[in-house]
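In case you want the letters, here they are:
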Amino acid sequence: DLKARKALSALINAGHADAVLAGNALATHDLEGAYMNTALGQNIYTQQNAPNGHYNHLELINKVREAGSIPKFIEKYNIDNGIIYTAVKKGIPIVLGGSIRDDGPLPEVYGNCYEAQDAMRNCVRKATTVITMATMLHSIAVGNLLPSYVKTICVDINPSTVTKLMDRGSAQAIGLVTDIGIFLPRLAEEIEKMESGAEEKEIPC
């Protein structure tokens with residue numbers, strides 16, 4: 001979702017995220033959107049089918065692998081938008097946990113699940129709030145790493161994702177059943193309002 005992509009990028013750029021934990025698909029399609037304006041066979045701006053668009057993510061993966069890394073690809077092709085671009089620009093950790101069904105994958109993707117788990121654990125070790133969004137497997141994986149005192153919010157359009165996360169021991173998780181295309185823009189708006197209000201209160205009379 002284009003609005004969700006922009007909203008999450010804005011949240012990261014504003015310093016509201018300390019790490020991005022995801023899989024090969026998020027990074028691939030986000031970078032594909034920045035490089036080719038497509039994702040899942042469609043133009044991300046017009047939602048029109050792109051000729052041979054379903055092959056674009058493979059071309060993107062090959063370009064990144066040819067460049068050697070995501071940061072080198074961003075620099076080489078002058079990428080200037082998206083979630084991954086913003087995270088790289090802000091210098092926050094990006095942990096991409098791999099899957100046996102991944103295309104490619106991108107160079108930074110962990111093929112060893114134990115190494116991926118260690119990298120994720122290092123990112124959440126000092127976390128106080130974690131928001132998991134639109135991914136059952138990664139939501140449960142991250143939830144399993146969190147102590148019970150960490151505020152955990154699970155946003156997914158599938159209610160069973162929240163149920164499974166809680167059933168696996170993340171009893172502190174709060175579930176919100178909605179589309180992240182609705183949730184992320186609203187979250188960004190509310191945080192911006194809160195910050196604007198805080199700045200107004202700091203102005204001396």
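Here goes a summary of the coordinates provided. (Residues numbered from 1 in each chain as written. Predicted model: local features only at pLDDT ≥ 70, side-chain atom pairs only at ≥ 80, totals over all residues. Heavy atoms only, no water.)

Bringing the packing of helix α2 (residues 24–36) against helix α5 (residues 83–90) into the picture now. Relative to each other, α2 and α5 sit at 100°, their axes nearing to 7 Å. Viewed along their axes, α2 and α5 adopt a mutual orientation that is roughly perpendicular. Seen from α2, the contacting residues are Leu26, Ala27, Asp30 and Leu31; seen from α5, they are Ile83, Ile84 and Tyr85. Of the residues in the contact of α2 with α5, the class split is six nonpolar, no polar and one charged. (Axes fitted to C-alpha atoms, helices over the stretch in contact; angles between N-to-C directions. Helix = DSSP H or I, 4+ residues; strand = E, 2+ residues; numbered from the N terminus. Parallel < 35°, antiparallel > 145°, perpendicular 65-115°, else oblique. Contact = heavy atoms within 4.5 Å. Nonpolar A, V, L, I, M, F, W, Y, C, P; charged D, E, K, R; others polar.)

Evaluated as defined, the whole model comprises four salt bridges. The salt bridge partner of Arg121 is Asp118, with a shortest N-O separation of 3.2 Å. Taken together, the residues span about one helical turn, with Arg121 and Asp118 both in helix α6 (residues 113–124) at a distance of three residues. In this structure Arg121 comes out as partly exposed when scored by relative accessible area, which is 28%. For Asp118, a relative accessible area of 43% puts it in the partly exposed group. Measuring nitrogen to oxygen at the nearest pair gives 3.7 Å for the salt bridge that ties Lys193 to Glu190. (Salt bridge = Lys/Arg side-chain N within 4 Å of Asp/Glu carboxyl O. Buried < 20%, exposed > 50% of the residue type's maximum accessible area, 1.4 Å probe, protein only.)

For the rest of this paragraph, the subject is the environment of Gly15. Relative to the assigned elements, Gly15 resides in the loop between α1 (2–13) and β1 (20–23). Placed 162 residues apart in sequence, Gly15 and Val177 show a C-alpha to C-alpha distance of 26 Å.

Our focus in this paragraph is the sheet that holds strand β6 (residues 151–156). By way of backbone hydrogen bonds, the strands of a sheet pair with one another, either parallel or antiparallel. Taken together, three strands build an open sheet; the order of strands is β5-β6-β7 and the sheet is parallel. With one partner strand each, in any of the chains shown, β5 (129–133) and β7 (173–177) form the two edges of the open sheet. In this sheet, neighbouring strand axes are inclined to one another by 15° on average, regardless of whether the strands run parallel or antiparallel. Here β5 pairs with β6 via five bridges, running parallel. Note that in β6 the partner of Val130 across the bridge is Thr152. Running at roughly 170° to β7, helix α8 (residues 159–167) makes contact with β6 and β7 of the sheet. (Pairing = 2+ DSSP bridges.)

To continue, consider the nonpolar core. By size, the foremost hydrophobic cluster in this structure holds 17 residues, and its most contacted members are Leu31, Val64, Ile70, Phe73, Ile74 and Leu106. Listing elements by their share of this core, those giving two or more residues are α2, α3 (56–67), α4 (70–76) and α5. Counting residues per element, this core draws most heavily on α3, at four residues. Those residues in contact with Val64, other than ones at most four positions away along the chain, are Leu31, Ser69, Ile70, Phe73, Leu106 and Pro107. Formed by 15 residues, the second largest nonpolar core is a distinct cluster that contains Ala4, Ala17, Val20 and Val155. (Core = buried A, V, L, I, M, F, W, Y, C linked by side-chain atoms within 4.5 Å.)

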